[in-house]
Amino acid sequence: MKIGLNGQVIQNSNPAGPEIYTINLFKNLARLDSDNDYTIYLDRKPSNEFFKYITGGNPRFLYKVIEGKRFWTQFHLAKELLNNPVDVFFTAIHTILIIRSSKTEFVVMVHGLEYRYTTGFKSPLKRLKIQRPVRYAIRHSDKIIAPSKATKEQILKRNWGVNEDKIEIVYEGVSESFYERSENEIKEIREKYKVADSPYLLFVSTIQPRKNLPNTIRAFSQFINENQEMKNTQLLIAGKNGWDYQESLEAPRKFGVEENVKFLGRVPTEDLPALFSGSKGYINISFEEGFGLPLLESMACGVWSVVSDIPAHREVGGSLPIYADPNNIENIKDGVFKIMTNDFDKNLLLDRARGFSWKRTAEKTLEILEETSKKDLVSN
């Protein structure tokens, strides 16, 4: 079977959730599959070291650079796949080709439908522009992969004419590098990011309105004010600025905790396990998630969490995290108090985290790709 993979995002210098997902999926597909032939389509030539990192030197994985800056997907990539069709094409970007060969089946991974929190969504014109590519990809793909039941339900609620059987749930995984780190490693990471020697909570994600940081910081400030014995507690925010981030950046000063809140910017993946391990807990009171990978990563490091009570977090964390209503400041503050004043059994977290792996993600994804391709052969 000839499998095409959209690799446009894997060389981004500041990878976010979709990029991390794509890189880990490709790496694990290369580890387990020695039968099928893969072409990874890129918008620029990779270094030999990077491509070997992605494929592990698997000779069945090749890359093809598709030249062209503007309309890369809908013109340049489309032209390539029309001239040289593959059996099945997989993309983890919420868009598929409008002009495509009937010889190729298309599988789309939809990370989530949280775009209603994107900038300009209240404008009908911008809303149409934002929704249209996602809706088209969902309606016109041959198979959809969702990272959670919550995302599948969100897709079905849109009433976009999608049959439930078309959507497969494949959970994301956690990298083997996420495990509890030593005191020396924690000390080094504190020094690297100039983190004071006091307890801290850790938030990990892109800074954007959906992440609800203003409410989180407001609740954190109330916790500090009401518990002066813990007035040195810090809130570390690890993540690049997304859209409409200004309110989040201004929140510490607004609520009088500018000395307690530290914005670290984007943190390399290799630094996160030590940051998680040194924390008192992970916190993310977002309004909506498609999956919640940092929650899973914190669990793999043996770190408890206080997170928003939303379906995706429930799916990943089960009964283990402390849950809070993202719209209730008092509820969030109580969650912070619980995580700062209680001890928890790390083994429960580690056991649950072991149920998620990128190997399983790749195995299930490969099954879907093969089944989708075979279905096309039968229909022809």
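Data block above holds the structure.
Worth saying up front: this structure is predicted, and the values here are computed from it rather than measured. (Residues numbered from 1 in each chain as written. Predicted model: local features only at pLDDT ≥ 70, side-chain atom pairs only at ≥ 80, totals over all residues. Heavy atoms only, no water.)

## Focus: the overall build of the chain
Within the chain, the secondary structure is distributed over 14 helices and 13 strands. Against the compact-globule benchmark of 21 Å for 380 residues, the chain has a radius of gyration of 22 Å, which places it among compact chains. With the principal axes as the frame, the chain shows a C-alpha extent of 70 × 50 × 35 Å. Among the 380 residues that make up the chain, the fraction classed as buried is 53%. Put simply, of all contacts in the chain between residues at least 6 apart along the chain, 69% involve residues at least 24 apart. Of the roughly 18000 Å² of accessible surface on the chain, a fraction of 47% belongs to carbon and sulfur atoms. When the 53 positive and 49 negative side-chain charges of the chain are each reduced to one mean point, those points stand 6 Å apart. (Helix = DSSP H or I, 4+ residues; strand = E, 2+ residues; numbered from the N terminus. Rg over C-alpha atoms; globule rule 2.2 N^0.38 Å. Buried < 20%, exposed > 50% of the residue type's maximum accessible area, 1.4 Å probe, protein only. Contact = heavy atoms within 4.5 Å. Areas by Shrake-Rupley, 256 points an atom, 1.4 Å probe, with all protein chains shown as cover. Lys, Arg positive; Asp, Glu negative; His and termini not counted. Charge placed at Lys NZ, Arg CZ, Asp CG, Glu CD.)

## Structural notes on the packing of helix H7 (residues 213-226) against helix H12 (residues 329-341)
It is the contact of H7 with H12, at a shortest axis distance of 8 Å, that shows an interaxial angle of 60°. What the angle tells us is that H7 and H12 run oblique. The interaxial crossing formed by H7 with H12 has right-handed handedness. Where H7 approaches H12, its residues Asn215, Arg218, Ala219, Gln222, Phe223 and Glu226 are matched on the opposing element by Ile329, Glu330, Ile332, Lys333, Val336, Phe337 and Met340. (Axes fitted to C-alpha atoms, helices over the stretch in contact; angles between N-to-C directions. Parallel < 35°, antiparallel > 145°, perpendicular 65-115°, else oblique. Left-handed = near helix turned anticlockwise from the far one by under 90°.)

## As for the pattern of salt bridges
Overall, the coordinates contain 16 salt bridges when judged by the stated rule. Residue Glu258 pairs with Arg253 through a salt bridge whose shortest N-O separation is 4.0 Å. A salt bridge links Asp309 to Arg314, with the nearest nitrogen and oxygen atoms 2.8 Å apart. Overall, the relative accessible area of 38% leaves Arg314 in the partly exposed class. A network of salt bridges, in which partner residues are shared, links Arg210, Lys211 and Glu289. (Salt bridge = Lys/Arg side-chain N within 4 Å of Asp/Glu carboxyl O.)

## Focus: the environment of Thr269
Positionally, Thr269 belongs in the loop between strand S10 (261-265) and helix H9 (272-278). Classification of Thr269 as partly exposed rests on a relative accessible area of 28%. Sequence spacing of Thr269 and Ser175 is 94 residues, and the spatial spacing of their C-alpha atoms is 10.0 Å. Once you skip the residues sitting within four places of it in the chain, Thr269 turns out to touch Ile20 and Phe178.

## A closer look at the sheet that holds strand S3 (residues 61-65)
Through backbone hydrogen bonds, the strands of a sheet pair up, either in parallel or in antiparallel fashion. Read across the sheet, seven strands follow the order S3-S2-S1-S4-S5-S6-S7 without closing on themselves; strand pairing throughout is parallel. Because the sheet does not close on itself, it has two edges, and the strands there are S3 and strand S7 (167-169). Each strand axis lies, on average, 25° off the axis of its neighbour in the sheet, ignoring direction. Bridging between strand S2 (residues 37-42) and S3 involves five bridges; their strand directions are parallel. (Pairing = 2+ DSSP bridges.)

## Points about the pairing of strand S4 (residues 88-91)
Of the two faces of S4, the one holding Val88 and Phe90 and the one holding Phe89 and Thr91 are both buried throughout. Alignment of strand S1 (residues 2-6) against S4, held across three bridges, turns out to be parallel. Within the sheet, the bridge partner assigned to Gly4 lies in S4 and is Phe89. Where S4 meets strand S5 (residues 105-109), four bridges bridge the pair, whose relative direction is parallel. Of the residues in S5, the one forming a bridge with Thr91 is Val108.

## Let's talk about the sheet that holds strand S12 (residues 305-308)
Overall, parallel pairing links the six strands, which are arranged S10-S9-S8-S11-S12-S13 in an open sheet. Edge positions in the sheet fall to S10 and strand S13 (322-324), since each of these pairs with one other strand and no more. Sheet twist, expressed as the mean angle between neighbouring strand axes with direction ignored, is 25°. Across four bridges, strand S9 (residues 234-238) lies against S10 in parallel orientation. Each bridged residue has a counterpart across the sheet, and for Leu235 the counterpart in S10 is Val261.

## Digging into the packing of helix H1 (residues 17-32) against helix H2 (residues 48-55)
As a packed pair, H1 and H2 sit with axes 6 Å apart at the nearest point and diverge in direction by 70°. With respect to their mutual orientation, H1 and H2 come out roughly perpendicular. Mapping the contact onto sequence places Ile23, Phe26, Lys27 and Ala30 in H1 and Tyr53, Ile54 and Thr55 in H2.

## A look at unusual backbone geometry
Despite not being glycine, Asn159 shows a phi value in the positive range, around 55°. Residue position: Asn159 is located in the loop between helix H5 (149-157) and S7. One non-glycine residue, Asn212, lies in the positive phi region at around 60°. Mapped onto the elements, Asn212 comes out in the loop between strand S8 (200-204) and H7. Residue Asn212 is classed as buried on the basis of its relative accessible area, which comes to 3%.

## Some remarks on the packing of aromatic side chains
For the structure on display, the rule yields 13 aromatic pairs. Members of the aromatic cluster, connected to one another through ring pairs, are Tyr41, Phe89 and Phe106. Here Arg100 stacks its cationic end above the ring of Phe106, 5.7 Å away from the centre of that ring. Its guanidinium or amino end placed over the ring of Tyr323, Arg314 lies 3.8 Å from that ring's centre, counting from NZ or CZ. (Phe/Tyr/Trp six-rings, centres within 6.5 Å; stacked < 30°, edge-to-face > 60°. Lys NZ or Arg CZ within 6 Å of the ring centre and 35° of its normal.)

## Structural notes on a nonpolar patch on the surface
On the surface, Leu82, Ile98 and Ile99 cluster together into a nonpolar patch covering about 290 Å² of accessible area. Checked against the element boundaries, Ile99 lands in the loop between S4 and S5. (Patch = residues over 30% accessible without salt bridge, like charges linked within 9 Å, V, L, I, M, F, W, Y side chains within 5 Å.)

## A few points about the nonpolar core
Membership of the largest hydrophobic core comes to 85 residues, with the highest contact counts inside it found for Ile40, Phe90, Leu275 and Phe276. In contact with Leu275, other than residues within four places in its own chain, are Ile189, Tyr193, Tyr200, Leu202, Leu236, Leu264 and Val267. Listed in part, the 13 residues of the second largest apolar core include Ile96, Leu113, Trp160 and Val162. (Core = buried A, V, L, I, M, F, W, Y, C linked by side-chain atoms within 4.5 Å.)

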